[in-house]
Number of protein chains: 4
Amino acid sequence: MLDVPIVILNVKCYEEATGEALNRIIEAMNKTSLEYGVSAAIAVQASDIYRSSLVSKIPILAQHVDAVDYGSFTGHILPEAVKFAGAKGSLVNHSEYRLELWAIDSIIKRLKSLELTQVICSNNDDVSRAVAAFEPDFVAVEPPELIGGDISVSKAKPEIVSNSVEKVKGISKRTKVLCGAGIKNSEDVSKAIQLGADGVLLASGIVRAKDLYGACEDIFRGI
Amino acid sequence: MLDVPIVILNVKCYEEATGEALNRIIEAMNKTSLEYGVSAAIAVQASDIYRSSLVSKIPILAQHVDAVDYGSFTGHILPEAVKFAGAKGSLVNHSEYRLELWAIDSIIKRLKSLELTQVICSNNDDVSRAVAAFEPDFVAVEPPELIGGDISVSKAKPEIVSNSVEKVKGISKRTKVLCGAGIKNSEDVSKAIQLGADGVLLASGIVRAKDLYGACEDIFRGI
Amino acid sequence: MLDVPIVILNVKCYEEATGEALNRIIEAMNKTSLEYGVSAAIAVQASDIYRSSLVSKIPILAQHVDAVDYGSFTGHILPEAVKFAGAKGSLVNHSEYRLELWAIDSIIKRLKSLELTQVICSNNDDVSRAVAAFEPDFVAVEPPELIGGDISVSKAKPEIVSNSVEKVKGISKRTKVLCGAGIKNSEDVSKAIQLGADGVLLASGIVRAKDLYGACEDIFRGI
Amino acid sequence: MLDVPIVILNVKCYEEATGEALNRIIEAMNKTSLEYGVSAAIAVQASDIYRSSLVSKIPILAQHVDAVDYGSFTGHILPEAVKFAGAKGSLVNHSEYRLELWAIDSIIKRLKSLELTQVICSNNDDVSRAVAAFEPDFVAVEPPELIGGDISVSKAKPEIVSNSVEKVKGISKRTKVLCGAGIKNSEDVSKAIQLGADGVLLASGIVRAKDLYGACEDIFRGI
């Protein structure tokens, strides 16, 4: 299991994170993580896991795995295959890759049996409670009203963070809670941690930043 | 575009083709392809493309790509990313990863614009005609009645091959036709070629063979 | 909310329950429910809800509704529309129509706001706990190992029933639990009730029975 | 098969077309169709087919059917069931309910065998050619650039209509072509017919019109 507090970066399918460009992001995350002594991980596209794992000292995660076992499947992302390629865990049920409930259950069990870290994404308190029933390592809460907006979770809606933590812990004490939207700067990060979050899940704020190192530092400084 | 006649191997998510084990299959395919002077390609899991491309002299294909462009997508398989990882093309609409029609259209256009080979799978004559409308490089015909069975396409149902070729060419002259089921041995392969096919698409017959080299040779000899 | 203990019949898309034939099943369920003084409901295909509601005295349910609101949707099953057609509730996440987690959350909220009964299906204890987080009216537990088999839940695996009840009630005290597989006869039904279930969810055992009334009686007698 | 030229109205899941409100729309379409002597049909939600068929003299269509046969399916929309409820055909692959290619093939075959009219939707010329391979009764072309916009197909982009007709007829002479977007008024309708279309597929322009009869008349007058 990854240490907390933690900064997890989802590089998505951004052009800035595909091919050679991804190396710059991995390097910035590695250096900043080391400099601030803060735990971190990077979720990359399936075809980049092997290459990223070779060059990154901080853990590489998959962005998604399928609910399949070895066998006659074509085009699926097998948990065993991403582990072999170097991934230490996977995002599950991201809002951009929403899964059927049975599949979330199956994937969490597969990841646990392979000792891969599970980060399930959730969009509201009821869904957070539902996924907490699977007792995953992490629940990352991404309230739609905060995604991509100008609302800062820690200042404008601090109760979203503390409520989420309370809901998840009420079902599964072992599960850590990440704040997955509304994080703009170090002040938001430190407020989220004060409110009980075990870290943050970020994407464009770092990946698309003009000043990559500056953006990383602004986030890690808040932890 | 890949040369024809061609042998395309889909290694699926078989345990025999995940991790280190995949190297043996790549090696056997490379050696046999060279020995018989026959064109070949291998479709591997997304997380294996980079590593496979480093060691294989015959082209590596993706088993699937998603109908997405650069951007805010998580867990998707981006055509640009598999190209960067070394893939020379992709299977599309395999019977184990069936796609919405609009997505097939979009993926074929994306692959063409990236100069990646497109191999669309089809399950009957009407679907073969439909996908031929996109004028892909290859249509691989996998009649459900021949998949995984004991029926040899070339002997028991030779008209399936010749009909498929006729249907596809009737819509798109440039498209090559692969026989994707019912191929058991060199005799089936040579019969398929005689009947107008431009090659074969295979999976378990090679991947799960006890005698990997023997299985490869039995297929390549038929071309 | 429907009274318990209850017998819910899912007529699926069986030929015996499509068109005129459905009338016989509705009539048998109505008569037997009245005769034994036991609560009952019937889940029918969307296009049969209106007609069934006109002739049935026991509540008609939808087999599925979509997570959509009024608007620009085509082919979807709108909760408001099935309510107008006469449905008193809906199955949700049946094993033959498995839903994305966010959609289950959304549908439960839509059904509650329309005062329609919610019957969520679950396939194991962890999924039962997850769906209980939405505090639905009913959770119907359908363990895959009991579906369509010869194993009687009450005799062969009684702990499946009592465990499910305990898991669901541990998260949501208000939620009733239905036994959704392994019910063959009145003895199974009465044992399920003894073990804490609030009723049963059945399909082919009644719909495809040669002796429709006999099959109904055998189930209702057990309650 | 429905007569052409034809006006097909898709009432979608609009609030103005759910429950009692749907009756007004059916009545307006019936009267205007009769008044102008023009063929027409209305595609309604599954749960409204039975009730609509009782009161409409012009044919009622389903908005979608599933690629399933009689059997153990829950929540699906069975072609046989919508036929029994009174539907004379179905939309297939609407842009709001996009289908896997194999399912389009299967549904078209099911509808043909039940003598139900098939109206496949398409979003561009290549997809129109692909679906024409199934030789359906109708292809309705809905270019995304015209949907919901202010661009009038007949005036601003007349070549979209004539190209679509040419592409579809090039593959299947028997298939009729409907113009499915960019139709604002009688002038657009008459221009579409002049350019070779066999009718129009409409939705909000009529369903959400303040003056329902006026909107119907404006469309039917153009044919």
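Definitions and cut-offs
Residues numbered from 1 in each chain as written. Chains lettered and ligands numbered in written order. Predicted model: local features only at pLDDT ≥ 70, side-chain atom pairs only at ≥ 80, totals over all residues. Heavy atoms only, no water. Least-squares fit on C-alpha atoms with pLDDT ≥ 70 in both. Contact = heavy atoms within 4.5 Å. Helix = DSSP H or I, 4+ residues; strand = E, 2+ residues; numbered from the N terminus. Phe/Tyr/Trp six-rings, centres within 6.5 Å; stacked < 30°, edge-to-face > 60°. Lys NZ or Arg CZ within 6 Å of the ring centre and 35° of its normal. Polar contact = N/O pair within 3.5 Å; in protein donor to acceptor, adjacent residues only side chain to side chain. Expected span 1.5 Å × (residues − 1). Buried < 20%, exposed > 50% of the residue type's maximum accessible area, 1.4 Å probe, protein only. Arc of directions from axis to C-beta. Buried area = accessible area lost by both parts, 1.4 Å probe. Salt bridge = Lys/Arg side-chain N within 4 Å of Asp/Glu carboxyl O. Nonpolar A, V, L, I, M, F, W, Y, C, P; charged D, E, K, R; others polar. Pairing = 2+ DSSP bridges. Right-handed = clockwise from strand over helix to strand, strands pointing away.

### Section: the relation of the copies chain B and chain A
Point 1. Superposition record for chain B on chain A: RMSD 0.0 Å, screw rotation 180 degrees, translation along axis 0.0 Å. Interpreted geometrically, this transformation is the action of a two-fold axis. Minimal C-alpha separation from the rotation axis in chain B is found for S47 of chain B, amounting to 2.2 Å.
Point 2. Of all interface residues in chain B, 100% are interface residues in chain A too; the two copies therefore contact each other through one and the same surface.

### What about unusual backbone geometry?
All names here are of chain A.
Point 1. In this model, V4 is joined to P5 through a cis peptide bond whose omega is -5 degrees.
Point 2. Position of P5 among the secondary structure elements: in the segment before strand 1 (6-10).
Point 3. Phi is positive for E115, which is not a glycine, with a value near 55 degrees.
Point 4. Along the polypeptide, E115 turns up in the loop between helix 4 (101-113) and strand 5 (117-122).

### Quick word on the packing of aromatic side chains
Point 1. As enumerated under the stated definition, the model contains two aromatic pairs over all chains in all.
Point 2. On the basis of an interplanar angle of 45 degrees and a centroid distance of 6.2 Å, the ring pair of Y50 of chain A and Y50 of chain B is categorised as tilted. With Y50 of chain A in helix 2 (residues 49-55) and Y50 of chain B in helix 2 (residues 49-55), this residue pair bridges two chains.
Point 3. Sitting over the ring of Y50 of chain A, R51 of chain B keeps its end group 5.9 Å from the ring centre.
Point 4. Residue placement shows R98 of chain B over the ring face of W102 of chain D; its charged tip is 4.0 Å from the ring centre.

### Considerations on the side chain of S56 of chain A
Residue and element names in this part refer to chain A.
Point 1. With respect to the secondary-structure elements, S56 resides in the loop between helix 2 and strand 3 (60-62).
Point 2. Looking at S56, its side chain comes within polar contact range of the main-chain oxygen of I58, at 2.7 Å.
Point 3. Beyond its immediate chain neighbours, meaning those up to four positions away, S56 contacts I26 and N30.

### Here we look at helix 7 (residues 158-171) of chain C
Residues and elements named next belong to chain C.
Point 1. Here helix 7 spans 21 Å end to end across 14 residues, near enough to the 20 Å set by a 1.5 Å rise per residue.
Point 2. Within the sequence span of helix 7, burial applies to I160, V161, S164, V165, V168 and I171. The buried side chains of helix 7 occupy one side of the element, clustering within an arc of 140 degrees when seen end-on. Exposed residues lying more than 90 degrees from the buried face of helix 7 are E166 and G170.

### Quick look at the interface of chain B and chain D
Point 1. If you look at the interface, chain B gives 20 residues, while chain D gives 20 residues.
Point 2. Both sides together, the interface formed by chain B and chain D hides about 1,800 Å², and carbon and sulfur atoms give 59% of it.
Point 3. Of all residues in chain B, the largest losses of buried area upon contact with chain D belong to R98, L101 and W102 of chain B, amounting jointly to 32% of the total for that side.
Point 4. Linking chain B to chain D there are four salt bridges.
Point 5. Taken together, the residues of the side of chain B that touches chain D break down into 10 nonpolar, three polar and seven charged.

### As for helix 10 (residues 212-220) of chain B
Residues and elements named next belong to chain B.
Point 1. If you check which residues of helix 10 are buried, you get L212, A215, C216, I219 and F220. Axial view of helix 10: buried residues confined to an arc of 125 degrees, hence all on one face.
Point 2. Close packing links the buried residues of helix 10 with strand 1 (6-10), helix 1 (21-36), strand 2 (39-44), helix 8 (186-194), strand 8 (199-202) and helix 9 (204-207).

### Focus on the pairing of strand 7 (residues 176-179) of chain A
Where a strand is regular, its side chains alternate between the two sheet faces.
Residues and elements named next belong to chain A.
Point 1. As paired elements, strand 6 (residues 138-141) and strand 7 share four bridges and run parallel to each other. Across the sheet, residue V139 finds its bridge partner in strand 7, namely V177.
Point 2. By the bridge criterion, two bridges tie strand 7 to strand 8 (residues 199-202) in an arrangement that is parallel. Directly across from L178, in strand 8, lies its bridge partner G199.
Point 3. Taken together, strand 7, helix 8 (residues 186-194) and strand 8 constitute a β-α-β crossover, and its handedness is right-handed.

### A closer look at the pattern of salt bridges
All names here are of chain A.
Point 1. Following the criterion strictly, the structure yields 43 salt bridges over all chains and no others.
Point 2. Among the salt bridges present, the one from D48 reaches R51, with a minimum N-O distance of 3.2 Å.
Point 3. Looking at D48, the relative accessible area reads 1%, which means it is buried.
Point 4. R51 gets classed as buried once you look at its relative accessible area, which sits at 9%.

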